[in-house]
Amino acid sequence: MSMDLTFLGTGSAYPSPHRGASALVLRTDGDCWLFDCGEGTQTQLMKSQLKAGRITKVFITHLHGDHLFGLPGLLCTISLHSCPAPAKPPLLVEVYGPQGLRKFLRVALTLSGSQLMFPYVVHELVPGDDQCPPEGLPDGLEPVHDDDDDDGGGRLHPQEVLGRTFQLDPEQGCYTLLESPQFVVRAFRLFHRLPSFGFVVEERPRPGKLNVQLLKELGIKPGPICGRLKNGESVTLENGVVVSPEDVLEEAVPGRKVCILGDCCSLVGDAGRRLCHGADVLVHEATLEDSLRDKAWEHGHSTPSMAAELAEACQVKQLVLYHFSQRYKPQSLLKEKEDDNVLELKRQAEAALNGREVILAEDFLTIPIPSKRCN
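Just so it is clear, the structure is predicted and the values come from calculations on it, not from any experiment.

When pLDDT is averaged across the chain, the result is 91; 93% of the residues are at 70 or more. Contacts of residues 142-149 to residues separated by more than four positions or lying in other chains number 17 contacts, the stretch itself having pLDDT below 50.

Before going further, it helps to examine the layout of surface pockets. By volume, the second largest pocket is sized at about 240 Å³. If you trace the second largest pocket, you find 15 residues lining it, with S12, A13, R193, T287 and H301 closest to the centre. Looking at the lining of the second largest pocket, its residues break down into two nonpolar, eight polar and five charged.

Summarising burial for helix α2 (residues 71-80): seven of the 10 residues are buried, a large majority. For α2, the complete set of buried residues consists of L71, P72, L74, L75, T77, I78 and S79. Taken together, the buried residues of α2 touch β3 (31-35), α1 (41-47), β4 (55-59), β5 (93-98) and α3 (101-111).

If you trace the eight strands from one edge of the open sheet to the other, you get β7-β6-β5-β4-β3-β2-β1-β18, paired in mixed fashion. Here the strands that pair on one side only, and so sit at the sheet edges, are β7 (160-166) and β18 (366-368). Adjacent strand axes in the sheet meet at a mean angle of 20°, parallel and antiparallel pairs treated alike. Sheet topology places strand β1 (residues 3-9) next to β18; three bridges connect them, and they run antiparallel. Within β18, the position partnered with L5 by the bridge is I367.

Where a protein is soluble and globular, its nonpolar side chains tend to be buried together. F188, L261, C276, L282, L319 and L321 are the most contacted members of the largest nonpolar core, which totals 31 residues. For this core, the secondary-structure elements that each account for two or more residues are β9 (183-191), β13 (257-261), α7 (271-276), α9 (304-314), β16 (319-322), α10 (342-352) and β17 (358-360). Counting residues per element, this core draws most heavily on α9, at five residues. Every residue in contact with L282, bar those within four places of it in the chain, is listed here: C259, L261, C276, L310, A311, V316, Q318, L319 and V320.

With that settled, the discussion passes to the packing of aromatic side chains. Taken as a whole, this structure holds eight aromatic pairs when the rule is applied. The structure contains a cluster of three or more aromatic residues connected by ring pairs, namely W33, F35, F59, Y96, F183 and F199.

On to the environment of P15. The topology assignment puts P15 in the loop between β1 and β2 (23-28). Considered as a pair, P15 and G38 are 23 residues apart in the sequence and their alpha carbons are 7.8 Å apart. Excluding anything up to four places from it in sequence, P15 contacts G20, A21, E39 and Q326.

Conventions and cut-offs
- Residues numbered from 1 in each chain as written.
- Predicted model: local features only at pLDDT ≥ 70, side-chain atom pairs only at ≥ 80, totals over all residues.
- Heavy atoms only, no water.
- pLDDT = per-residue confidence, 0-100.
- Contact = heavy atoms within 4.5 Å.
- 1 Å grid on protein atoms, 1.4 Å probe; cavity = no way out; pocket = protein on both sides within 12 Å on 5 of 7 lines; lining within 4 Å.
- Points joined across faces, edges and corners; volume = space filled by probe spheres on them.
- Nonpolar A, V, L, I, M, F, W, Y, C, P; charged D, E, K, R; others polar.
- Buried < 20%, exposed > 50% of the residue type's maximum accessible area, 1.4 Å probe, protein only.
- Helix = DSSP H or I, 4+ residues; strand = E, 2+ residues; numbered from the N terminus.
- Pairing = 2+ DSSP bridges.
- Axes fitted to C-alpha atoms, helices over the stretch in contact; angles between N-to-C directions.
- Core = buried A, V, L, I, M, F, W, Y, C linked by side-chain atoms within 4.5 Å.
- Phe/Tyr/Trp six-rings, centres within 6.5 Å; stacked < 30°, edge-to-face > 60°.

In structure tokens:
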């Protein structure tokens, strides 16, 4: 299965002529999951090779506008271009994010009179009191119950399906959002001016190849029996011998792991380090350079060396920096001896990683995530 990351916006605070606001897409065999949706994301999608209509899930790291303001418009644009087949039910778009997201989206769509051609659902994560300063905690939200059609954020939008509310698992220190045959998605807590989250998308291990020589020795020819074994099912041969998948399958292929962090100056608890350990890709903000660490910390942001420290602690294979202050122009626009050089952010992170290469994200950069091989 193919997998890649495409950055649609890599700037902080607002979209500029040089960098869009935060948004990136994880694509697997044509299915697109969007992480954050800053203002202008729909325009960035139109400039890319991606198709907005393929987006089935949206993950919002936190409720600051540069990560959120594009979401109502994007849903409306997807609706305008959607033509559901009469024989098929319209696809459900699932949105995951912090408590308050449901109310924001409901109010924006209702007050603008926006009707969608598909149903949508918002699943909310209840933050902890330790994820931000006291003034950043959600205000005016009623307790949420999964069986209630009014969760304190107003009545349901006509196309809205009431979603789940995820509480922190006190034992694991994280939120398990999705478990499918292919993926497990979890979230963990970050510290920022508003409650922020990181998301970990982990691909399940894939069955190893069938050992052709063993199959021949057992008298099993290519066909349905091989398919059943490959799918993890034991079979009984005509001679009464029971063959289990582990008898003829080679070592399973480890799944890939992608970690995408929202704005933060630190992790809350140890779940983030545990979940990100050994990740193939860690996407981490680096809003300001190391010399401005105090300013970054004051505003709940990170510097390159702060991102590198987490990457080193988690032994990740590839660190990708994004969410740069708009003072840092993309590499393609740099002039000689220009101040606020984005390449300095790369140098600082690589120095903290003892020379290991770090990727600076730019708008429309695509990073392939190759499949792993058996050891």
